[in-house]
Amino acid sequence: MNRKAKDIAEQVLIVSNIFIVFLLLFESKLVVPSWLQSVGRMHPLLLHFPIVILLLALGMEFFRFKPAYFSNEFYRTFLTNLLLVGALAAGLTVIMGLFLSKEPGYSGEVLQWHKWSGVGIVFVVSLIYLFRNAIWYQAPVAKVATVVSAVCLIVAGHYGSVLTHGENFITAPIIKPAPVPLE
């Protein structure tokens, strides 16, 4: 990615984080117009892209400080770009999800867990990206940040599947209901 495109993408990342905070602060007053509801409904369509990108980037970031990877220019550049793309895609996914959550039928504790774990992903991954070249950002910080992000990703994915498919969707085929005794 050339420097100008990267600078623009970094600014978009910061603006998307600010916009997410704005949406969260004014969530109770937010009314999503019908033309924007279509954008929110694309949340399930887009969300798989940042999951894959972020899992790959988080795995690479976890091991980034190993000498073989730390000195590899291609590894560092690829990882930096992957983190940026993943953070941007996750930010867009969260914005779409916040729009979608304003539609009827979405409420309750499961939605709250899904929403806040998704927001957590965006914020933590954005912080990883923005501060990963700081002096204090060393292997222990990188490992904790990547594990926290991965846990948020798992929690968000789990609660998202509960929202769309129901609570026992994954385990239903292997957990058989108790047989009803014949009288």
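Before any of the text, the structure's been laid out above.
Because the structure is a prediction, the values reported are computed rather than measured.

Enquirer: Explain the packing of helix α1 (residues 3–25) against helix α6 (residues 73–100) to me, please; I cannot follow it from the model alone.
Expert: Two packed helices can be described by the angle between their axes and the distance between those axes. α6 packs onto α1 with a crossing angle of 30° between their chain directions and a minimal axis gap of 10 Å. It follows that α1 is roughly parallel to α6 by the angle criterion. Judged by the twist between their axes, the crossing of α1 over α6 is left-handed. From α1, Lys6, Ala9, Glu10, Val12, Leu13, Ser16, Phe19, Ile20, Leu23 and Leu24 reach across to α6, where they touch Thr80, Asn81, Leu84, Ala87, Leu88, Gly91, Val94, Ile95, Leu98 and Phe99. For the contact of α1 with α6, the residue count by class is 14 nonpolar, 4 polar and 2 charged.

Enquirer: How do you make sense of a nonpolar patch on the surface when you look at a structure like this?
Expert: Together, Ile14, Ile18, Leu127, Leu130, Phe131, Trp136 and Val141 make up an exposed nonpolar region whose accessible area comes to about 640 Å². Put simply, the parts of the chain that give the nonpolar patch at least two residues each are α1 and α7 (109–131). Ranked by residue count, the leading element in the nonpolar patch is α7, at 3 residues. Positionally, Trp136 belongs in the loop between α7 and α8 (139–165).

Enquirer: For this particular structure, what's the right way to read the nonpolar core?
Expert: Side chains of nonpolar character tend, in soluble globular proteins, to be buried together. Residues Ile20, Leu83, Ile121 and Val125 are the most contacted members of the largest nonpolar core, which totals 36 residues. Of all the secondary structure elements, the ones that give two or more residues to this core are α1, α4 (48–62), α6, α7 and α8. With 11 residues, α6 is the single largest residue contributor to this core.

Quick notes on the rules
- Residues numbered from 1 in each chain as written.
- Predicted model: local features only at pLDDT ≥ 70, side-chain atom pairs only at ≥ 80, totals over all residues.
- Heavy atoms only, no water.
- Axes fitted to C-alpha atoms, helices over the stretch in contact; angles between N-to-C directions.
- Helix = DSSP H or I, 4+ residues; strand = E, 2+ residues; numbered from the N terminus.
- Parallel < 35°, antiparallel > 145°, perpendicular 65-115°, else oblique.
- Left-handed = near helix turned anticlockwise from the far one by under 90°.
- Contact = heavy atoms within 4.5 Å.
- Nonpolar A, V, L, I, M, F, W, Y, C, P; charged D, E, K, R; others polar.
- Patch = residues over 30% accessible without salt bridge, like charges linked within 9 Å, V, L, I, M, F, W, Y side chains within 5 Å.
- Areas by Shrake-Rupley, 256 points an atom, 1.4 Å probe, with all protein chains shown as cover.
- Salt bridge = Lys/Arg side-chain N within 4 Å of Asp/Glu carboxyl O.
- Core = buried A, V, L, I, M, F, W, Y, C linked by side-chain atoms within 4.5 Å.
- Buried < 20%, exposed > 50% of the residue type's maximum accessible area, 1.4 Å probe, protein only.

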